[in-house]
Amino acid sequence: MKKCQAPTPYLIAHRGFSGSFPENTMASFEAAVTAGAEMLELDIQLSKDKKIFVFHDETLDRTTSGSGRPSALTLEELQQLDCGSWFGSQFSAEKIPTLAKVLQAFSLQIRINIEVKSEAYDAALSPLNITTQLVELLVALKVEKRVIVSSFEPEILKQVHSLNAAIALALLTETNLDQRQLDLLAEIKATSWN
């Protein structure tokens, strides 16, 4: 069996430079690029008014001045929250960014792994569902070849693949792969299993 060997480890900044900066913020992404990361990893969700924003948790409580589910607020309401002070007072000006803002700022400098949170997907929202909006944004910004879309939810990956087969995909799992997942990887021509 031939070994798959990379010349060096692939340095991916998880939620940006999240060890020294508040996660999933512009400051964290900028610091990761400056530090020499080879890829940014970030998480996306949908606001109450069905706009894509960058945020990880199921609630706002841990990393913002808000509370409750982020999907209960409009994008404008989300962007009024302080999402840096929890990490340090010097980051009090940090706001929740939109995916468009992050892509416009960094996609020409570094590849970006966009994790679509499972709870953000609702097929009934078409054409406002997160996969349709995501693919439209990537195409509009001409960054389809600069990103990898990843998710724990197979349906999200299938949907992205059906909308634009050129976008690299990665299945996320917390366990070893079973046959159903292996079949999915082949079906969507996945780039990786994370």
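Bear in mind the structure is a predicted one, so any value in this text is a computation, not a measurement.

Draft legend 1. Examining the overall build of the protein more closely. The number of helices and strands found in the protein is 6 helices and 7 strands. Written out in order from the N terminus, the α and β elements of the protein read β-α-β-β-α-α-β-α-β-α-β-α-β. At 17 Å, the protein has a C-alpha radius of gyration in line with the 16 Å of a compact globule built from 194 residues. In terms of its C-alpha atoms, the protein occupies a principal-axis envelope of roughly 55 × 45 × 35 Å. The buried share of the protein, reckoned over its 194 residues, is 48%. Counting only contacts in the protein whose residues sit at least 6 apart along the sequence, the fraction spanning at least 24 positions is 54%. Of the roughly 10,000 Å² that the protein leaves accessible, carbon and sulfur atoms contribute 53%. For the protein, the distance from the average position of its 18 positive side-chain charges to the average position of its 24 negative side-chain charges is 6 Å.

Draft legend 2. Up close: the pairing of strand S4 (residues 111-116). Most of S4 sits inside the fold, with 5 of its 6 residues counted as buried. As defined by bridge partners, strand S2 (residues 39-46) adjoins S4 across 6 bridges and the pair is classed as parallel. Following the sheet pairing, Glu-41 is matched in S4 by Asn-113. Sheet topology places S4 next to strand S5 (residues 147-151); 4 bridges connect them, and they run parallel.

Draft legend 3. Quick peek at the pattern of salt bridges. Counted according to the given criterion, the structure contains 7 salt bridges. Among the salt bridges present, the one from Arg-62 reaches Glu-23, with a minimum N-O distance of 2.7 Å. Note that Arg-62 is positioned in the loop between strand S3 (52-54) and helix H2 (75-78) and Glu-23 in the loop between strand S1 (12-14) and helix H1 (26-35), a separation of 39 residues in sequence. The exposure class of Arg-62 is partly exposed, given its relative accessible area of 39%. For Asp-49, the salt bridge is made with Lys-51, and the minimal N-O distance between the two is 3.8 Å. For Asp-49, a relative accessible area of 32% gives the class partly exposed. Connected through salt bridges with shared partners, the residues Arg-15, Glu-23, Asp-43, Asp-57 and Arg-62 form a single ionic network.

The rules behind the values
Residues numbered from 1 in each chain as written. Predicted model: local features only at pLDDT ≥ 70, side-chain atom pairs only at ≥ 80, totals over all residues. Heavy atoms only, no water. Helix = DSSP H or I, 4+ residues; strand = E, 2+ residues; numbered from the N terminus. Rg over C-alpha atoms; globule rule 2.2 N^0.38 Å. Buried < 20%, exposed > 50% of the residue type's maximum accessible area, 1.4 Å probe, protein only. Contact = heavy atoms within 4.5 Å. Areas by Shrake-Rupley, 256 points an atom, 1.4 Å probe, with all protein chains shown as cover. Lys, Arg positive; Asp, Glu negative; His and termini not counted. Charge placed at Lys NZ, Arg CZ, Asp CG, Glu CD. Pairing = 2+ DSSP bridges. Salt bridge = Lys/Arg side-chain N within 4 Å of Asp/Glu carboxyl O.

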